[in-house]
Amino acid sequence: MSPKKNPIPEQDPNVRNKNFEEVALGYTVEMAVDEANRCLNCPRPACMSGCPVNVKIPQFIARVREQDFKGAYHKILEDSSLPAICGRVCPQENQCEGKCIRGKKSEPVAIGQLERFLGDRPELASTPKMAPKNGKKVAVVGSGPSGITCAGELARNGFDVTVFEAFFTGGGVLVYGIPEFRLPKAVVKREIDGLEDMGVKFEYNSVVGNMATAEELFEQGFDAIYVATGAGLPKFLNVPGENLPNVFFANEYLTRVNLMKANKFPEYDTPTKHGKNVVVFGGGNVAMDAVRTAKRLGAEHAIIAYRRTEDEMPCRRAELHHAKAEGVEVLPLVSPLEFVAGEDGSVCAVKVQKMELGEPDESGRRRPVPIEGAIEEIPCDVAISAIGTNANPFAKKIGGKMELNKWGYIVADEETGQTTDPRIWAGGDIVTGAATVILAMGAGKKAAASITKSLLGE
Ligand code: FAD
Ligand code: SF4
């Protein structure tokens, strides 16, 4: 048994920074069994309390150890519907693995990698047990992790489910935000195909609020609605020059590449600027995805510019480590002041204010404070802002009697997801603000249980 985590095989950094294929390659059977042997099978497993949906971690790992992969896979499915996805993108270091007792003296068990190992074996899945049709119809608005989880649970409970999705394809941020090199689109497609096989209908290019309001959906015969429209509205930096050509919001930049295949222009219709000097403002996962995408599009200098230091960056440590190995440069303690236009009118530089760390703020992190007179200009031909998002404004247009809070997020009961309109449930980022895949998935599951109880009295 390996004393430390079985390292995950990866593409070489100098090869992968030129392609969009997945970086981490996944465990072999031998590695997975060896890793499972590292689990101490604690009587009171702290790892489970670290998982937002309480996956029965020691129980599934015990089955991996016995090479009962089917049993292990189904043990996970009792609590999480998307193991191949969560195994890849959950911030395990702050969740399940962060609580693993082995991690106190050495490295935690690679719980996420074991989930991915199982999730990547579709042959382990059985035909889901479906309740008889109950004659009730539910509309799900949005096909991100929250919407598809809710849809799957409801279909299994015998409901006639239609998912309305604004884009031409399903998966939400899993397909248009998180790049292929972290989460292959084929993994998400497998989940959507599975739902279709269960009878879930997908209506693409359908923006609820434009094409129909909640009241109109009820008039069409739907008995309940689950709203999971996400939090995709970009936050502005509010500095001069933000509207210059080749200054992008990260979500727009990532969507162009991930969904519209701008990296394959002119084979695909949507172009994007392949910058040589790219500066990305932000320190979260979205910023990391944007800068690593820019590197793969040929940037010679791909820079992450952050107003605090590396230690305070909210991104996953693994993503920062991967980005630096791929040649991404980190420029700490700077804040953008102005984007400067070149002779052709497009961005050619960004002026930044240098910062230092002051006293801690309400988040407990030391506040960045400007150093008087310390202003620099960084040349760039692409600049990307990744400083966060706000509520999807369509939540308001969907209508019904749903209450929104002052930031435009839907007010919903934490346990059930029911909104102030008793016929409408909501969950995922449109309720919590930008969060994580597993939280969005968990909300979809809770809402499905509540809708079932409400419509069937079960
Ligand atoms: P979304 O995934 O945003 O899906 C909402 C869907 O609703 C979209 O498909 C949208 O098109 C659709 N929609 C919106 N309005 C309407 C309408 N009116 N009618 C019909 N459809 C509509 N989380 C992690 O856990 N790990 C990570 O590594 C991670 N990395 C991320 C990287 C990026 C670039 C981004 C942007 C986010 C990342 N996240 C990560 C966060 C995570 O992806 C989100 O928390 C999660 O996707 C939220 O799920 P959701 O179902 O609530 O919404
Ligand atoms: Fe860990 Fe995420 Fe799996 Fe929970 S769902 S056990 S947090 S990887």
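A. The environment of V138, seen in detail. Note that V138 resides in strand β1 (residues 137-141). Residue class for V138 comes out buried when judged on its relative accessible area of 0%. A C-alpha to C-alpha distance of 19 Å links V138 and D413, two positions 275 residues apart in sequence. Contacts of V138, omitting those with residues within four sequence positions, involve L154, F159, D160, V161, T162, F222, A224, I451 and L455.

B. Up close: unusual backbone geometry. Despite not being glycine, N54 has its phi angle at roughly 55°, a positive value. Mapping N54 onto the fold places it in the loop between α3 (46-50) and α4 (57-65). In the Ramachandran plot, N246 falls in the positive-phi region, its phi being about 75° despite a non-glycine side chain. If you trace the backbone, N246 turns up in the loop between β5 (233-234) and β6 (247-249).

C. Molecular detail of the packing of aromatic side chains. Inspection of every chain in the model, using the stated rule, returns eight aromatic pairs. Here F20 and F181 contribute two aromatic rings whose centre-to-centre distance is 6.4 Å and whose plane-to-plane angle is 50°, an arrangement assigned as tilted. With a gap of 161 residues between them, F20 in the loop between α1 (13-16) and α2 (29-36) and F181 in the loop between α11 (173-176) and α12 (185-197) connect regions that are remote in the sequence. Of the two residues, F20 and F181, both sit in the buried class. Ring geometry for F164 against F222: centres 5.9 Å apart, planes inclined by 75°, an arrangement best described as edge-to-face. With F164 in strand β2 (residues 160-164) and F222 in the loop between α13 (214-219) and β4 (224-227), the pair connects residues that are 58 residues apart, well separated along the chain. Residue F164 is classed as buried on the basis of its relative accessible area of 5%. A relative accessible area of 7% means that F222 is categorised as buried. Positioned above the aromatic ring of F222 is the side chain of K137, whose terminal nitrogen or guanidinium carbon lies 4.5 Å from the ring centre.

D. Here's a closer look at the sheet that holds β6. With parallel pairing, five strands are arranged side by side in an open sheet as β6-β13-β7-β8-β9. Each having just a single partner strand, β6 and β9 (329-331) make up the two edges of the open sheet. Between one strand axis and the next, the sheet turns through 25° on average, direction left out of account. Pairing of strand β7 (residues 277-281) with strand β13 (residues 382-385) involves four bridges; the strand directions are parallel. When the sheet's bridge partners are listed, V280 is paired in β13 with I384. Strands β6 and β13 of the sheet are contacted by helix α14 (residues 250-258), whose axis makes an angle of about 90° with β6. Along the sheet, helix α15 (residues 285-296) contacts β7, β8 (301-305) and β13; its crossing angle with β8, the most-contacted strand, is approximately 170°.

E. Molecular detail of the sheet that holds β2. Across the sheet, five strands lie side by side as β3-β2-β1-β4-β15; this open sheet has parallel pairing. Only two strands of the sheet have a single partner each, and these edge strands are β3 (201-203) and β15 (424-426). Mean inter-strand twist for the sheet, computed between neighbouring axes without regard to direction, equals 20°. In this sheet, β4 lies alongside β1 in parallel orientation, the contact comprising four bridges. In the sheet register, V141 faces β4, and the bridge partner there is V227. Packed onto the sheet, helix α19 (residues 437-456) meets β1, β4 and β15 and runs at close to 170° relative to β4.

Reading guide: rules and limits
Residues numbered from 1 in each chain as written. Chains lettered and ligands numbered in written order. Predicted model: local features only at pLDDT ≥ 70, side-chain atom pairs only at ≥ 80, totals over all residues. Heavy atoms only, no water. Helix = DSSP H or I, 4+ residues; strand = E, 2+ residues; numbered from the N terminus. Buried < 20%, exposed > 50% of the residue type's maximum accessible area, 1.4 Å probe, protein only. Contact = heavy atoms within 4.5 Å. Phe/Tyr/Trp six-rings, centres within 6.5 Å; stacked < 30°, edge-to-face > 60°. Lys NZ or Arg CZ within 6 Å of the ring centre and 35° of its normal. Pairing = 2+ DSSP bridges. Axes fitted to C-alpha atoms, helices over the stretch in contact; angles between N-to-C directions.

Remember that the coordinates give geometry; whether it matters functionally is a separate question.
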